[in-house]
Amino acid sequence: MKKTVLFSLLFFFVSFAQSQNSNPSKKRKFNGSWSLAVIAGGIHLLDYSELQRIPFFLNQPQNLQFAIPGGVLCFGNKVKSFVSLELSFFQASPRYGQYLTHSAIKTYNSTILYGMKLNRVIVSKTKFRQMVAAGVYFAHTLVVSSNVLYYTYPNDTIQYFFSGTFRQKWIMDFSTSLLRISTHRLLGSEEVSFGLNIGYHLDVFKNKIIQKQGNPIAETPDINFSGPYISLIWYAFWTKKKDGV
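Let me begin by describing the structure that accompanies this report. (Residues numbered from 1 in each chain as written. Predicted model: local features only at pLDDT ≥ 70, side-chain atom pairs only at ≥ 80, totals over all residues. Heavy atoms only, no water.)

**Comments concerning the overall build of the protein chain**
Part 1: Helices and strands together make up the secondary structure of the protein chain, namely two helices and ten strands.
Part 2: Along the protein chain, helices (α) and strands (β) appear in the sequence α-β-α-β-β-β-β-β-β-β-β-β when read from the amino end.
Part 3: When each of the 245 residues of the protein chain is scored for burial, the buried share is 45%.
Part 4: Pairs at least 24 apart in sequence give 71% of the contacts found in the protein chain among residues at least 6 apart.
Part 5: In the form shown here, the protein chain has an accessible surface area of approximately 13300 Å², with 61% of it arising from carbon and sulfur atoms. (Helix = DSSP H or I, 4+ residues; strand = E, 2+ residues; numbered from the N terminus. Buried < 20%, exposed > 50% of the residue type's maximum accessible area, 1.4 Å probe, protein only. Contact = heavy atoms within 4.5 Å. Areas by Shrake-Rupley, 256 points an atom, 1.4 Å probe, with all protein chains shown as cover.)

Below, the structure written as C-alpha cells:
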C-alpha cells in the first residue's frame, strides 16, 4: 500500500513537471507569479468514533469539524498549473461534564491540517475558473481531558486523564475548485478571485499517539481523517507576471 501511494505521488509530480515544459518555446511557466489566499471557513467530516467511546473525553471531538480562517500560498501559472501550500485550523470550545466521581471534567481539542497540492486548471474564462487538484496532507490533533479540581484552589492541583497529540501522516487529498474572478484590483495585483473548494481526504496509514500526561489508554483509538469537505476560499491577489507572457 505504501509503495503504491508513493509511486502515485511520483507519477503525479512527474506529469506536472512535464506539463510545464512540454513546449520548448514556453519553458517558463513558473514566471514569478504567486498568490496569497485565505480559507475563510470550511466544513470537514472526520471520524472520531473510537475516541468518543472513551468516557472521560465527554464524547469529544465531534465528527463534524468547522475550520477557522487558514492560509494558502501559491506559486505558478494561475491559468495553467500551480503549487499550493495550505494550512487549516479546527478549534473546538471546551466542554465540561462528569466522569465517575469527578464532576469538573474539562475537555478540549484542536487540529492543525497542513500540506501541499498540485493544481491543474481545466477551465479558464474571463469571469470564472475551474481547477482540479491532488496532494498530500499531515494532521495533528491535540486532545486534553483533565479534572480541574476547582475546590483545591489555591493549591492549583490538576489531575489529567489524558493530554496528548494524535498525529496522522500521508492523508491524500483530491479536490475541485470553482472560482469567480473579480474585476477589482488590490495592491496593484493582476486579479482577485473567490469561490468554493470541494474535496475528499483519504487516510493512508493509521494515526500515531504521542501522549504527554495521564494514564495510558488501554486500547489505542483510531482517528480517521478520511471524509469529504467543503471550504470557502478567497485568493487575495495574484501578482503580475514578471516577463509579461
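Now, onward.
**Looking at the side chain of Gln60**
Part 1: Among the structural elements, Gln60 can be located in the loop between helix H2 (49-52) and strand E2 (64-76).
Part 2: A relative accessible area of 7% places Gln60 in the buried class.
Part 3: Of the polar contacts made by the side chain of Gln60, one reaches the side chain of Asn109; its length is 3.5 Å.
Part 4: What Gln60 contacts, discounting residues up to four positions off in sequence, is Leu51, Gln52, Arg95, Thr107 and Asn109. (Polar contact = N/O pair within 3.5 Å; in protein donor to acceptor, adjacent residues only side chain to side chain.)

**Comments concerning the environment of Phe57**
Part 1: You can see Phe57 is positioned in the loop between H2 and E2.
Part 2: The exposure class of Phe57 is buried, given its relative accessible area of 0%.
Part 3: Note: C-alpha distance between Phe57 and Ile105 (48 residues apart in sequence) is 8.7 Å.
Part 4: With sequence-adjacent residues up to four places away left out, Phe57 is seen in contact with Leu51, Thr107, Val143, Ser145, Phe162 and Ile217.

**Some remarks on a nonpolar patch on the surface**
Part 1: Taken together, Ile43, Leu45, Leu64, Phe66, Leu196, Ile198, Ile230 and Leu232 make up a surface patch of nonpolar side chains, about 680 Å² in accessible area.
Part 2: Elements with a contribution of two residues or more to the nonpolar patch: strand E1 (34-45), E2, strand E8 (191-203) and strand E10 (227-238).
Part 3: Residue placement: Leu64 occurs in strand E2.
Part 4: Accessibility expressed as a relative area gives 43% for Leu64, which makes it partly exposed. (Patch = residues over 30% accessible without salt bridge, like charges linked within 9 Å, V, L, I, M, F, W, Y side chains within 5 Å. Salt bridge = Lys/Arg side-chain N within 4 Å of Asp/Glu carboxyl O.)

**Details of the nonpolar core**
Part 1: Membership of the largest hydrophobic core comes to 21 residues, with the highest contact counts inside it found for Leu51, Phe56, Phe57 and Phe225.
Part 2: For this core, the elements supplying multiple residues, two or more each, are strand E5 (102-124), strand E6 (128-147) and strand E7 (159-182).
Part 3: The greatest single-element share of this core, amounting to four residues, is contributed by E7.
Part 4: Counting residues in each nonpolar core, the second largest holds eleven residues, with Val72, Cys74, Ile233 and Trp238 among its members. (Core = buried A, V, L, I, M, F, W, Y, C linked by side-chain atoms within 4.5 Å.)

**Digging into the pairing of E5**
Part 1: When strand E3 (residues 81-91) meets E5, the two strands line up antiparallel, connected through eleven bridges. The residue bridging Gln91 from the neighbouring strand is Ser110, located in E5.
Part 2: Bridge count between strand E4 (residues 95-99) and E5: four bridges; the pairing is antiparallel. By the bridge assignment for E5, Tyr96 is matched with Lys106.
Part 3: Between E4 and the antiparallel strand that follows it, E5, lie two residues; Leu100 among them carries a positive phi value of about 55 degrees.
Part 4: In the sheet, E5 pairs with E6 via 19 bridges, with the strands oriented antiparallel. (Pairing = 2+ DSSP bridges.)

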